[in-house]
Amino acid sequence: MRHEGKTEARLARIRGSEPPRRHNARTIAALTSNPGCARRAVLDAAGVDKERLADRVGFPAAFGQSRFAIVRGNAFERQVKADGCVELLRLLRDLLGLDLGDATYTDLGADDSGEGLDARHRVAKARLVDGPAGSDGANGELFDHPLLRLEVAGQEVYLEPDLVAFQHGGAYHVVEIKSFPVIDGQADGEKVAAAAVQAAVYVLALRRLLGRDDAVSHEVVLVCPKDFSNVPIAVRLDVRRQLIVLEHQLARLTRIDTLLDALPDDLAFDLGQAGPGGGGSPMMAADALTAALGRVSARYVPGCLSACELAFYCRGEAAGHTAALGIGVREELGGVGTVAEALGLAHGTAVPAADQAEAAAMLRTTARVYAEAVGDAAGAPGAA
Amino acid sequence: MSVIVAYARALAAQTGAARPVASVRHVHLAQAPLVLVPLTMAGEANAPLAAMVGTDEADPALLVVPQPRDRDLRFAFAALLGDFLLGYVERCASAGSEPVKPPRTPKPPAGGAAGAPVGARVGGAVGGGVPVEAGDLRAEEDALVAAAEAARSERFLVAPQVLVPNRAGVDFVRLFGRSTRFRSTVGQNAVPAVVPMLGRWLTFLAQRAENPSSSTLMAMTEALALHWATGQSALEDANLAALMAWIDPPDGISGREAARLAEDPLVSPPAGPTTDPLFDNRVLAPAIGAYDEAVALLREKADAAGVPDPFRTDPDIIDSRLADDRGLAAASAWPWASSSAIGPWLRAREEITGAVRAQIEPTWRLMWRAVRLLGDLPPAASVPRRWERDRARFSSYYAYLRDEDGGLPQARRDGAVAAARRLAALERELAAYEADRAFDDPVVLASYRVTGEAFVGTVVAAERDRRVANERGTLVTRPVVEVRTADPVRLPVGTKVCSPARPGQSAVITSLSPVDGELLVSLELSGGMGRAKVPPPGSVPEPGERLSYTSVLADGAFSAALPAPEDTPWTHGGPPAPYEPTDDDARETWA
């Protein structure tokens, strides 16, 4: 316990005068996509607002969401949940054969009484643990927006799934409502994959909360608009694979205190402003923030651009590395780390290390045949 | 990703300028391709917001849907786009046709390669634009196509070519085809007749785009990436503006700098179909809001005056080709509406049109710049043959729609047999296409040289008049050449290889022996040298000639025979129910 307190104090120091930023299922899903990135792990654990940080160091991220998409998403969720989820219950019963009986509907998210996350979580926990047993038997139950909790990199993170359905005599099913269409039984693969990872985060959180793996089904229910309409369609999605990956990655995420121990003691990313009410000058200047970023190592890959707010900064920093051109490029170049080194080996100006002999020979051949081929085709436009 | 492309990317990253990964153009470019830049509304299922479309950079049509959530407006947009696309299709079909040749025999014509250049450059017939006499290597494939087309006696000389900015643009075409092809022209939800026809043609285009060797519908980013490597990742290459900046930067700055600038959505709006979220929130949403209010006001006035909804019969799509007198027309047609009601409506339309135009026009110009860049490359030797197949497919689909009075829309899903057949055809065409590209282009061939599947070397010895007995005891001419190469050949003895310089001639590796760190490859040749006992000079490689040989060949590998659809086994769901469009298809809500 004393240890945890120390870590929290340390993270608070890194964050400085700002309140911590809340994690959500999407950021956890993204975190697991690049678990080797220490910079991301530290900033996320400390709850630093990466979007504002990127802005302050001169690499603003283009991560806005269109108002149209938000409106559509909210409208669809409202429609599905209208009248105590009658529409959804019909779907779960007819299409998925879930026996929910005359399920009751409980909204665990409606109460915005300002009791704080912890209180809301305690209510949700009590209802989820007792709820099914407490109800008089034959019926299932739908819980709207229960607040769950999951430990990520040593930190407690609050999560809010769209819905959790309890099937009498069975198990909980996580229900995820998304507004991308399922057209002729097919949907955008990337979006389904993202939804599956996100749902897997909820399944994991719910399993940890209930303390039993078999209490929560590995089949989640994805509710989407059908074809080009607003009519909802429900499909089962098996997230066993995502759960395995997620558990593996969460366990692998270096425990945050080990990471912190390796960092300088005065490391901070304070985005706040001095003076009462925060109206004064920034606590840290842009170059101080940039210097601080340089002290925590990152692992940039092009995929970061669609997942992390700091990606543009890291991309600039990673310029000259073969991985910045794509993992496939680095592999094709024999796993050589930097562009300069790969080209040096290819052009015979660098001496290969013992384990690079094979890669160097391949690169020399590549450089020779490319020069030959482009030379043979000289005169072609763009051959400059 | 090949090692050559990876190396070219590294070079580009170091120098800040894109590097060529092709020396010839591997795609067909029509004289007047139809460029289509679609935009959709975020969050909706492929709801069109606007499209800029045309075959002439100077004369585009801009179609705008002022309220993309309105179902009637979507169909009105589909009708306008349909008129445009069908007009283009008809122009292609009316440009004349040629008789389809009877299936060619797989035998190469005698002395077919006699005219092949002696001592040809590596890569052979570059830039001539003359189809390579395919000889025995590809005739089987051609025979298949020819047989399939035999029922149709004509093949159009011109086929449609549609260019969209990126892969998402291809998806737009596919989904918009899906959402329009089943619509009914009669009944409660009737749409103009052109709408389901648009759907059929868009679906035809999208299905052709699945075929890597087809140039009927192309994503510009992919066509460019086939020819140039940038110093950024493939993911970043999906941004057309950034990709073009690397390849063709403005004067005075490097490709890298230009690409960074082009990533700013304020400088280069996204090539769509999804628009920039900031643009949505700051510009488009208020403009659409003002339009909604203006339309509501007009409807209110019409209601008060006891006239029917003026937009019911005349959906309010903005078409840039129409003269800008909509205001005058409205004022005279709607005597019940005061100018204070018409004014805001006209202003809202103008506002939306201007905003959308500013987002779409930069991409439009980029598309045409890219067309010119690609056009500057000489076409690869096999491009006309591949385009002929595109023309054949177009001709037969056009004839089907004409003869069957519109025909049936393409099914939602393929049956098991149809899907297996389609997949096998795609795999075969992909293999043939990759072999073609290496054959046509020394830069593409270079990748296979690094992996040891192809080699370039100099002929050090040749025995032109060698004759051996074949298995029937007949003497046949089988010249032997020895090629010395520095390439790391990784081919076993007995491998069949072929040289782009003499496509009708095949060779078998008979021995490989190392000499001074290089390799001596002995090849036994057959075919492509005529019937004379001693092959004519030039038909067999001469000492001193520099040659390339590749083992990546488009051999017609036939897949196992598939049953007829009505014999589909139970393991695959049994025979599929014959597809009949139902009323449900047409009724499908679209809002």
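Quick caveat, the model's predicted, so the values are computed rather than measured.

J.: Looking at this structure, how should I read the overall build of chain A?
T.: Helix and strand content of chain A: 14 helices and eight strands. Looking at chain A as a whole, 42% of its 384 residues qualify as buried. Sequence-distant contacts in chain A: of pairs separated by 6 or more residues, those separated by 24 or more amount to 64%.

J.: Help me out: how do you make sense of the overall build of chain B in this one?
T.: Counting secondary structure elements, chain B contains 17 helices and 18 strands. Within the span of chain B, comprising 591 residues, buried residues form 47% of the whole. If you take every contact in chain B between residues at least 6 apart in sequence, the share linking residues at least 24 apart comes to 74%.

J.: Just checking my understanding: could you explain helix H15 (residues 416-440) of chain B for this structure?
T.: With 25 residues, H15(B) extends 36 Å from end C-alpha to end C-alpha; this agrees with the ideal 36 Å at 1.5 Å per step. Within H15(B), the full set of buried residues consists of B:Glu429, B:Ala432, B:Ala435, B:Asp436, B:Arg437, B:Ala438, B:Phe439 and B:Asp440.

J.: Can you walk me through the environment of B:Val534 in this structure?
T.: All names here are of chain B. Within the element layout of this structure, Val-534 appears in the loop between strand E17 (518-526) and strand E18 (546-550). Along the primary structure Val-534 and Ala-370 are separated by 164 residues, whereas in three dimensions their C-alpha atoms are 50 Å apart. Excluding its chain neighbours within four sequence positions, the residues that come into contact with Val-534 are Arg-464 and Asp-465.

J.: What is the right way to look at the nonpolar core in this model?
T.: Side chains of a nonpolar character, in soluble globular proteins, are inclined to be buried together. The biggest cluster of nonpolar side chains holds 257 residues, and the ones touching the most others in it are A:Val201, A:Val203 and B:Tyr7. The residues touching A:Val203, leaving out its near neighbours within four places in the chain, are A:Val174, A:Val216, A:His218, A:Val220, A:Val239 and A:Leu243.

J.: Just to check I follow, could you spell out the pairing of strand E16 (residues 502-515) of chain B for this structure?
T.: Each regular strand shows side chains that alternate between the opposite faces of the sheet. Residue and element names in this part refer to chain B. Direction of pairing for strand E15 (residues 496-499) relative to E16: antiparallel, over a ladder of four bridges. From the neighbouring strand, Ser-499 faces E16, where its bridge partner is Arg-502. Where E15 folds back on E16, the antiparallel hairpin that results is connected by two residues. Both E16 and E17 contribute to a ladder of nine bridges, which runs antiparallel. Across the sheet, the residue bridging to Pro-514 is Leu-519, located in E17. Between E16 and E17, which pair antiparallel one after the other, the connecting turn spans two residues, and Asp-516 there sits at a positive phi close to 45 degrees.

J.: How should I be thinking about the interface of chain B and chain A in this particular structure?
T.: A common way to report how large an interface is uses the accessible area buried once the components associate. In this complex, chain B contributes 54 residues to the contact, which on the side of chain A involves 49 residues. Among the elements of the structure, helix H1 (3-15), helix H4 (167-181), helix H7 (234-237), helix H10 (277-304) and helix H16 (442-450) of chain B are those that each provide at least two residues to the side of chain B that touches chain A. With 10 residues, H1(B) is the largest single contributor of residues to the side of chain B that touches chain A. Here the side of chain B that touches chain A is built from residues that sort into 33 nonpolar, nine polar and 12 charged.

J.: Where do I start with the domain arrangement of chain A in this structure?
T.: We note that the domain assignment places domain 1 (2-19 + 29-63 + 252-317), domain 2 (67-250) and domain 3 (324-376) within chain A. Each of domain 1 of chain A and domain 3 of chain A has a C-alpha centre, and these two points are 35 Å apart.

J.: Please clarify how the environment of A:Tyr370 should be interpreted in this entry.
T.: Among the structural elements, A:Tyr370 can be located in helix H14 (residues 357-376). Looking at A:Tyr370, the number of C-beta atoms within 10 Å reads 26, which means it is buried. With 358 residues separating them along the chain, A:Tyr370 and A:Ala12 place their C-alpha atoms 54 Å apart. Ignoring anything within four residues of it in the chain, the contact list for A:Tyr370 reads B:Ile4, B:Tyr7, B:Ala8 and B:Ala446.

J.: Whenever I open this one, the domain arrangement of chain B confuses me. Can you help?
T.: Residue and element names in this part refer to chain B. Domain annotation of chain B identifies domain 1 (3-98 + 156-273 + 361-408), domain 2 (277-358) and domain 3 (440-550). A straight line from the C-alpha centre of domain 1 to that of domain 2 covers 30 Å. Counting residues at the interface gives 19 residues for domain 1 and 20 residues for domain 2. With five residues, helix H2 (residues 71-93) is the largest single contributor of residues to the side of domain 1 that touches domain 2. Here the side of domain 1 that touches domain 2 is composed, by residue class, of 16 nonpolar, one polar and two charged.

J.: Where do I start with the confidence of the model for chain A in this structure?
T.: Caution applies to low-pLDDT parts of the model: their predicted coordinates are not meant to be read in detail. All names here are of chain A. With 87% of its residues at a pLDDT of 70 or more, chain A has an overall mean of 82. Across chain A, the element-wise mean pLDDT spans from 73 in helix H6 (residues 117-134) up to 94 in helix H13 (residues 339-346). Predicted confidence is poor over residues 133-137, with pLDDT under 50, and the contacts of this stretch with residues over four places away or in other chains come to two contacts. Low confidence marks residues 378-384, where pLDDT is under 50. Its contacts with residues over four positions away, or in another chain, come to 12 contacts.

J.: I'm lost on the sheet that holds strand E3 (residues 48-54) of chain B in this one. Help?
T.: Sheet strands pair via backbone hydrogen bonds, and the direction of the pair is either parallel or antiparallel. All names here are of chain B. Sheet architecture is open: six strands sit in the order E8-E7-E2-E3-E4-E10, paired in mixed fashion. Here the strands that pair on one side only, and so sit at the sheet edges, are strand E8 (217-219) and strand E10 (318-319). Sheet analysis places strand E4 (residues 61-64) next to E10, joined by two bridges and oriented antiparallel. Each bridged residue has a counterpart across the sheet, and for Val-64 the counterpart in E10 is Ile-318.

J.: Got a minute to help me understand the packing of H13(A) against H1(B) in this structure?
T.: Geometry of a packed helix pair, given as the angle between the helix axes and the separation of the axes. At a minimum axis separation of 10 Å, H13(A) and H1(B) run at an interaxial angle of 120 degrees. Every pair of crossing elements has a handedness; the one defined by H13(A) and H1(B) is left-handed. On H1(B), the residues that touch A:Val339, A:Ala342, A:Leu343 and A:Ala346 of H13(A) are B:Tyr7, B:Ala10, B:Leu11, B:Ala13 and B:Gln14. Along the lines of polarity and charge, the residues of the contact of H13(A) with H1(B) split into eight nonpolar, one polar and no charged.

J.: Before we go on, may I ask you to explain helix H9 (residues 255-262) of chain B in this structure?
T.: Within an α-helix, residues lying three or four positions from one another point in the same direction, as the helix has 3.6 residues per turn. All buried positions along H9(B) are accounted for by B:Gly255, B:Arg256, B:Ala258, B:Ala259 and B:Ala262. Down the axis of H9(B), the buried side of the element spans an arc of 165 degrees, and every buried residue falls inside it.

J.: Help me understand the packing of helix H8 (residues 240-247) of chain B against H9(B) in this model?
T.: All names here are of chain B. For the pair H8 and H9, the least separation of the axes is 7 Å and the interaxial angle reads 160 degrees. When the interaxial angle is binned, H8 and H9 end up roughly antiparallel. Here H8 and H9 pass one another in a crossing that is right-handed. Between H8 and H9, the residues in contact are Ala-241, Ala-242, Ala-245 and Trp-246 and Gly-255, Ala-258, Ala-259 and Ala-262, respectively.

J.: Please explain the pairing of strand E7 (residues 219-225) of chain A as it appears in this structure.
T.: Residues and elements named next belong to chain A. Most of E7 sits inside the fold, with six of its seven residues counted as buried. In this region the chain leaves strand E6 (residues 172-177), passes through helix H7 (residues 189-210) and returns to the parallel neighbour E7; the handedness of that crossover is right-handed. Linkage of E7 to strand E8 (residues 232-238), two consecutive antiparallel strands, is achieved through a turn of six residues, within which Asp-227 is found at a positive phi near 50 degrees.

J.: Looking at this structure, I do not really get the sheet that holds E8(A). What am I missing?
T.: Residue and element names in this part refer to chain A. The sheet built from six strands is open, its strands ordered E1-E2-E5-E6-E7-E8 with mixed pairing. The two strands at the open ends of the sheet, each matched to only one other strand, are strand E1 (104-107) and E8. With strand direction ignored, the average angle separating the axes of adjacent strands in the sheet is 25 degrees. Note: E6 against E7, three bridges, orientation parallel. Counted as the bridge partner of Ile-177 is Val-223 from E7. Running at roughly 145 degrees to E6, H7 makes contact with strand E5 (163-166), E6, E7 and E8 of the sheet.

J.: Would you take a moment to explain the confidence of the model for chain B for this structure?
T.: Residues and elements named next belong to chain B. Scored by pLDDT, chain B comes out at a mean of 85, with 87% of its residues at no less than 70. Summarising per-element confidence for chain B, the mean pLDDT is lowest in helix H3 (residues 135-149) (45) and highest in strand E7 (residues 162-164) (98). For residues 105-144, every residue scores under 50 in pLDDT, and the model assigns this stretch 89 contacts once sequence neighbours within four places are set aside. For this predicted complex, the interface score ipTM comes out at 0.86, alongside a pTM of 0.88.

J.: Help me understand unusual backbone geometry in this model?
T.: The phi torsion of most residues other than glycine is negative, and most of the peptide bonds are trans. All names here are of chain B. In this chain, Gly-272 is followed by Pro-273 through a cis amide linkage whose omega measures -5 degrees. Looking at where Pro-273 falls in the secondary structure, it is placed in the loop between H9 and H10. Phi at Asp-405 is positive, roughly 55 degrees, even though this residue is not glycine. Among the structural elements, Asp-405 can be located in the loop between helix H14 (383-403) and H15.

J.: I keep staring at the environment of B:Glu566 and nothing clicks. Help me out?
T.: Mapped onto the elements, B:Glu566 comes out in the loop between E18 and helix H17 (583-587). Linking B:Glu566 and B:Ala577, residues 11 residues apart in sequence, is a C-alpha distance of 9.0 Å.

Cut-off values and rules
- Residues numbered from 1 in each chain as written.
- Chains lettered and ligands numbered in written order.
- Predicted model: local features only at pLDDT ≥ 70, side-chain atom pairs only at ≥ 80, totals over all residues.
- Helix = DSSP H or I, 4+ residues; strand = E, 2+ residues; numbered from the N terminus.
- Buried ≥ 20, exposed ≤ 12 C-beta atoms within 10 Å, placed from the backbone.
- Contact = placed C-beta atoms within 7 Å.
- Expected span 1.5 Å × (residues − 1).
- Core = buried A, V, L, I, M, F, W, Y, C linked by C-beta atoms within 7 Å.
- Pairing = 2+ DSSP bridges.
- Nonpolar A, V, L, I, M, F, W, Y, C, P; charged D, E, K, R; others polar.
- Domains from an automatic or database assignment.
- pLDDT = per-residue confidence, 0-100.
- Axes fitted to C-alpha atoms, helices over the stretch in contact; angles between N-to-C directions.
- Left-handed = near helix turned anticlockwise from the far one by under 90°.
- Arc of directions from axis to C-beta.
- Parallel < 35°, antiparallel > 145°, perpendicular 65-115°, else oblique.
- Right-handed = clockwise from strand over helix to strand, strands pointing away.

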